[in-house]
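Structural characterization, general
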Amino acid sequence: MEENIKNKIEAALDTIRPYLEADGGNVRIVELDENMVLKLELLGNCGSCPMSTMTLKAGVEEAIKRAIPEITKVEAINLTVA
């Protein structure tokens, strides 16, 4: 992954991390594939929270796409849908 894009992703994640951390969670970049799909790992409470799907779509994906429009999709590699 290009360093410039990684820095932009981290900066976008930093805008929402305080909200995730307030609930005992966080996210980690796993990879950005050739189709510009960003894969994240949900950490802490985010991995098991029933609201994590909504958080991922409404919070994380929106912040990242606003900062880096080239990213087409954001996925969590460990999201368990109840």
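You'll find the structure just up there.
Residues numbered from 1 in each chain as written. Predicted model: local features only at pLDDT ≥ 70, side-chain atom pairs only at ≥ 80, totals over all residues. Heavy atoms only, no water.

Considerations on helix α1 (residues 3-22)
Look at α1: 28 Å from first C-alpha to last across 20 residues, which is about the 28 Å you get at 1.5 Å a residue. Its axis deflected by about 50 degrees at Ile16, α1 carries its strongest bend there, up to four residues before the proline Pro18. Of the positions making up α1, those classed as buried are Ile5, Ile9, Ala12, Leu13, Ile16, Arg17 and Leu20. Buried residues in α1 make contact with β1 (25-32), β2 (37-44) and α2 (52-67). Count one or two residues on from α1 and you reach Gly24, which has phi positive near 80 degrees. (Helix = DSSP H or I, 4+ residues; strand = E, 2+ residues; numbered from the N terminus. Expected span 1.5 Å × (residues − 1). Bend = angle between axes of the 7 residues up to and from the residue. Buried < 20%, exposed > 50% of the residue type's maximum accessible area, 1.4 Å probe, protein only. Contact = heavy atoms within 4.5 Å.)

A look at the sheet that holds strand β3 (residues 73-76)
Reading across from one edge, β1-β2-β3 is the order of the three strands in this open sheet, with mixed pairing throughout. Where the open sheet ends on each side, the last strands, each with one partner, are β1 and β3. Within the sheet, the average angular offset between the axes of one strand and its neighbour, ignoring direction, is 30 degrees. The sheet contact formed by β1 and β2 spans seven bridges and is antiparallel. Bridge pairing in β2 places Leu32 opposite Leu38. Against the sheet, α1 makes contact with β1 and β2, and its axis sits at roughly 160 degrees relative to β1, the strand it touches most. Packing against the sheet, α2 makes contact with β2 and β3, and its axis sits at approximately 140 degrees to β3. (Pairing = 2+ DSSP bridges. Axes fitted to C-alpha atoms, helices over the stretch in contact; angles between N-to-C directions.)

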